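# Examining the three-dimensional arrangement
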Amino acid sequence: RAKSEGRGTYHFFEAGMDATLQRRRTLETGLRDALANNGLSVVFQPIVSLQTNTVVAAEALMRWDHPQLGPISPVEFIPIAEETGIIHAIGGWILEAAAKAAACWPGHVRVAVNLSPIQFKRPDLIATIRAALKAAGLDASRLELEITESLLLENSQSNLDLLLALRGLGVRVAMDDFGTGYSSLSYLRAFPFDKIKIDRSFMADVATKADSRAILGAMISLGNNLGMTTVAEGVETAEQLAVVRAEGCTQVQGYFFSPPVDGATMLALLEAEKSDAPRKSA
Ligand code: C2E
Ligand code: MG
Ligand code: MG
Ligand code: MG
């Protein structure tokens with residue numbers, strides 16, 4: 001009996017592995033198709049200044065609706081794109097799409113695009129970015145690139161050179177998911193970031209737990225004292241917003257203000273804000 005149970009378990013496990021691999025292959029093929037046939041899209045999440053209470057930037061986030069499987073999260077498909085090298089093509093695609101969208105926004109609103117560690121390692125990255133800006137007619141000062149600290153783990157001299165080259169273009173560079181990596185603090189010393197985005201995991205209990213609030217406050221102070229813009233990610237409630245504001249954070253992003261929205265909605269939101277502005281300042 002024990003023996004047959006063991007066998008059953010084994011077969012179950014094997015079948016599970018198979019399904020995982022199969023899904024991976026389906027997604028890999030599907031991703032190539034999506035890129036070739038306009039199957040990818042981009043949404044934008046507003047980033048709000050706590051000084052002016054207006055939208056000063058938006059983060060471009062990739063979306064993929066698979067014809068059979070439905071919406072696939074970037075958390076699932078980005079790693080597959082990275083492992084298969086498709087990330088270079090889709091990364092270039094979103095840079096262009098985001099830059100084109102931003103070219104229609106008011107001039108003070110920036111667009112932020114996530115860069116994968118894999119893209120960062122390719123020497124033609126600078127040329128790709130310059131080409132995307134040129135194609136869109138967008139000034140470099142209106143582009144922000146978000147880089148998670150994990151990519152900086154290796155090869156620090158060449159990464160530093162690339163970061164300096166990016167800033168040489170006039171592009172801003174943000175450290176994404178700050179606080180979640182192993183070396184957040186040493187990176188701040190080694191690399192010239194314009195901005196840190198404090199990971200949304202730190203937002204969890206800030207309104208109810210003194211310790212959580214102290215940690216968040218220390219991260220904000222650190223960023224501010226280093227002359228960087230500080231952004232709180234994942235702000236979902238008025239209570240969290242109040243804490244983030246009181247701790248001196250520069251900008252916020254999260255469902256409290258807006259979830260990611262499609263390009264037309266983003267444009268409408270910015271237009272509405274523009275016509276609101278006189279009322280607000282009056
Ligand atoms: P990220 O760069 O840290 O982006 C923020 C993520 O948090 C987005 O998830 C956004 O929808 C989500 N979010 C925003 N506000 C809230 C909130 O108040 N509560 C909660 N629970 N979540 C919030 P999304 O779009 O699923 O993207 C997940 C990750 O996938 C991104 O994290 C980024 O690392 C990666 N990603 C997305 N698009 C791209 C892309 O074009 N290129 C690359 N390389 N990575 C991308
Ligand atoms: Mg990001
Ligand atoms: Mg982030
Ligand atoms: Mg994150």
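Each value, and the rule that gives it
Residues numbered from 1 in each chain as written. Chains lettered and ligands numbered in written order. Predicted model: local features only at pLDDT ≥ 70, side-chain atom pairs only at ≥ 80, totals over all residues. Heavy atoms only, no water. Donors = N, O, S within 2.8 Å, 3.2 Å for Na, K, Ca; no water. Helix = DSSP H or I, 4+ residues; strand = E, 2+ residues; numbered from the N terminus. Near = heavy atom within 4 Å. Polar contact = N/O pair within 3.5 Å; in protein donor to acceptor, adjacent residues only side chain to side chain. Areas by Shrake-Rupley, 256 points an atom, 1.4 Å probe, with all protein chains shown as cover. 1 Å grid on protein atoms, 1.4 Å probe; cavity = no way out; pocket = protein on both sides within 12 Å on 5 of 7 lines; lining within 4 Å. Sits in = over half its atoms within 2 Å of the grid points. Nonpolar A, V, L, I, M, F, W, Y, C, P; charged D, E, K, R; others polar. Axes fitted to C-alpha atoms, helices over the stretch in contact; angles between N-to-C directions. Parallel < 35°, antiparallel > 145°, perpendicular 65-115°, else oblique. Left-handed = near helix turned anticlockwise from the far one by under 90°. Contact = heavy atoms within 4.5 Å. Expected span 1.5 Å × (residues − 1). Buried < 20%, exposed > 50% of the residue type's maximum accessible area, 1.4 Å probe, protein only. Arc of directions from axis to C-beta. Core = buried A, V, L, I, M, F, W, Y, C linked by side-chain atoms within 4.5 Å. Pairing = 2+ DSSP bridges. Salt bridge = Lys/Arg side-chain N within 4 Å of Asp/Glu carboxyl O.

An unreviewed UniProt entry lists the chain under the name EAL domain-containing protein, with Pelagibacterium nitratireducens as the source organism.

## Remarks on the coordination of the magnesium ion (ligand 2)
When four donors bind a metal tetrahedrally, each ideal donor-metal-donor angle is 109.5 degrees, and when six bind octahedrally, the ideal angles are 90 or 180 degrees. Surrounding the magnesium ion (ligand 2) are the protein donor atoms Glu59 (OE), Asn114 (OD1), Glu146 (OE) and Asp176 (OD), which sit 2.0 to 2.2 Å from the metal. If you list the donors of the magnesium ion (ligand 2) from N- to C-terminus, the spacing comes out as E-x54-N-x31-E-x29-D. A gap of 3.7 Å separates the magnesium ion (ligand 2) and the magnesium ion (ligand 3), which Asp176 links by coordinating each metal. Separated by 32 residues along the polypeptide, Asn114 in strand β4 (residues 110–115) and Glu146 in strand β5 (residues 143–148) bring together distant segments of the chain.

## Description of the site of ligand 1
Inspection of the region around ligand 1 gives 22 residues, with Arg63, Asn114, Arg200, Glu236 and Tyr255 positioned closest. Glu59 places a side-chain nitrogen or oxygen 3.0 Å from an oxygen atom of ligand 1. At 3.1 Å, a backbone N or O of Met62 approaches a nitrogen atom of ligand 1. In the complex, the protein chains occlude 84% of the 800 Å² of accessible area that ligand 1 would expose alone. The site holding ligand 1 turns out to be the largest pocket. Take the shell around ligand 1: its biggest share by element is 4 residues, from strand β2 (residues 55–66). Its residues assigned to classes, the shell around ligand 1 shows 10 nonpolar, 5 polar and 7 charged.

## With respect to the packing of helix α8 (residues 210–225) against helix α9 (residues 238–246)
With their axes 9 Å apart at the nearest point, α8 and α9 run at an angle of 45° to one another. As summarised for this structure, α8 and α9 are arranged oblique, according to the angle between their axes. In this structure, the crossing between α8 and α9 has a hand that is right-handed. Of α9, the residues touching α8 (which contributes Arg213, Leu216 and Ile220) are Val243, Val244 and Ala246.

## Concerning helix α5 (residues 125–136)
For α5, built from 12 residues, the straight-helix expectation of 16 Å at 1.5 Å per residue is met to within 8% by its first-to-last C-alpha distance of 17 Å. By the burial criterion, the buried members of α5 are Leu125, Ile126, Ile129, Ala132, Leu133 and Ala136. The buried residues of α5 occupy an angular sector of 130° when projected down its axis, which confines them to one face. Following α5 by one or two positions, Gly137 has its phi on the positive side, about 70°.

## Regarding the nonpolar core
In terms of nonpolar packing, the biggest core is built from 72 residues, with Phe44, Trp105, Val111, Ile129, Leu143, Leu145 and Val244 touching the most fellow members. Among the elements that take part in this core, helix α3 (residues 86–102) stands out by supplying 9 residues, more than any other. If near-sequence neighbours (up to four positions away) are discounted, Phe44 is found in contact with Ala58, Glu59, Ala60, Ala98, Ala101, Trp105, Val111, Pro259, Pro260, Val261, Gly263 and Met266.

## Notes on the pairing of β4
Where β2 and β4 come together, 4 bridges link them in parallel fashion. The residue of β4 that forms the bridge with Ala60 is Val113. With 5 bridges joining them, β4 and β5 adopt parallel strand pairing. Counted as the bridge partner of Ala112 is Glu144 from β5.

## Some thoughts on the pattern of salt bridges
All told, the structure shown has 13 salt bridges when counted by the stated rule. A salt bridge links Glu83 to Arg24; its shortest N-O distance comes to 3.0 Å. Of this pair, Glu83 sits in helix α2 (residues 74–84) while Arg24 sits in helix α1 (residues 2–36), and the two are 59 residues apart along the sequence. Classification of Glu83 by relative accessible area gives exposed; the value is 58%. Glu247 is paired through a salt bridge with Arg213; the nearest N and O atoms lie 2.7 Å apart. In this pair, Glu247 is assigned in the loop between α9 and β9 (251–252) and Arg213 in helix α8, connecting sequence segments 34 residues apart. Salt bridges linked by common partners bring Glu59, Glu146, Lys197 and Glu233 together as one network.

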